[in-house]
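# Coordinates in review
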Amino acid sequence: AIGLWPSLQAFMRSRNLPTTLPAFADEKGDWDLSFYYTNFEISRVDFWRSEPYRELFKSLDQTGGFYSYRWGDGPIHLLAVTAL
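Let me begin by describing the structure that accompanies this report. (Residues numbered from 1 in each chain as written. Predicted model: local features only at pLDDT ≥ 70, side-chain atom pairs only at ≥ 80, totals over all residues. Heavy atoms only, no water.)

### Re the side chain of S7
Spelled out, the test is: Under the DSSP-based scheme used, a helix requires at least four consecutive residues in state H or I and a strand at least two consecutive residues in state E, with every element numbered from the N terminus. Side-chain atoms alone can form a polar contact between residues adjacent in sequence; in general such a contact is a pair of N or O atoms within 3.5 Å, and within protein one must be able to donate a hydrogen while the other accepts it.
Mapping S7 onto the fold places it in helix α1 (residues 4-14). There is a polar contact of 2.7 Å between the side chain of S7 and the backbone oxygen of G3.

### Comments concerning the nonpolar core
Quick reminder of the rule: Take the buried residues of types Ala, Val, Leu, Ile, Met, Phe, Trp, Tyr and Cys, join any two whose side-chain atoms come within 4.5 Å, and each joined set is a nonpolar core. Burial status follows relative accessibility: with a 1.4 Å probe on protein chains alone, a residue under 20% of its type maximum counts as buried, one over 50% as exposed, and anything between as partly exposed. Contacts between residues were defined by any pair of non-hydrogen atoms, one from each residue, lying within 4.5 Å.
Among the nonpolar cores identified, the biggest contains 18 residues, and L4, L8, W31, L60, I76 and L79 are the most heavily contacted of them. Taken together, the elements giving at least two residues each to this core come down to α1, α3 (51-63) and α5 (73-83). Excluding residues that lie within four positions of it along the chain, L8 makes contacts with L21, L56, L60 and L79.

### Focus: the packing of α1 against α3
Basically, it comes down to this: A fitted line through C-alpha atoms serves as each axis, taken over the contacting stretch for helices, and the angle formed by two N-to-C directions is quoted from 0 to 180°. Note on angle classes: values under 35 degrees are labelled roughly parallel, values over 145 roughly antiparallel, values of 65 to 115 roughly perpendicular, and the remainder oblique. When the near helix sits turned anticlockwise from the far one by under a right angle, the crossing is termed left-handed; a clockwise turn instead gives a right-handed crossing. Nonpolar residues are Ala, Val, Leu, Ile, Met, Phe, Trp, Tyr, Cys and Pro. Charged residues are Asp, Glu, Lys and Arg, and all others, Gly as well, are polar.
Running from N to C, α1 and α3 cross one another at 130 degrees; their axes reach a closest spacing of 10 Å. One element, α1, and the other, α3, form an angle in the oblique class. In the crossing of α1 with α3, the sense of the turn from one axis to the other is right-handed. On α3, the residues that touch L4, S7, L8 and F11 of α1 are P52, E55, L56, S59, L60 and T63. Of the residues contributing to the contact of α1 with α3, the split by class is 6 nonpolar, 3 polar and 1 charged.

### Focus: the pattern of salt bridges
In plain terms, the rule: A pairing counts as a salt bridge when a side-chain nitrogen of Lys or Arg comes within 4 Å of a carboxyl oxygen of Asp or Glu.
On inspection of all chains with the given rule, the structure shows 2 salt bridges. Note that R15 and E55 form a salt bridge whose closest N and O atoms lie 3.3 Å from each other. Linking R15 in the loop between α1 and α2 (45-48) with E55 in helix α3, this pair joins segments that are 40 residues apart in sequence. Classification of E55 as partly exposed rests on a relative accessible area of 31%. Here D46 ties to R44 by a salt bridge, and the two come within 3.0 Å at their closest N and O atoms. By relative accessible area, R44 is classed as exposed at 61%.

The following block contains the structure:
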């Protein structure tokens, strides 16, 4: 997840949102790189269609990390649901 955490933090700072995720933080307060390893998810579709999520996704997409570092859906989903 090279660059994913700093990219998420930059997005959060730009929206004046907290840049820490206490439930998934290491001793320094950074994301501890954990996420759920499953291909089964139950969620509300309206979250993924919401403006905050779409803005986050667009911001992450503009960094090129999906293609350069192969950021997967698991970490993105965990960070989005936890942060937003």
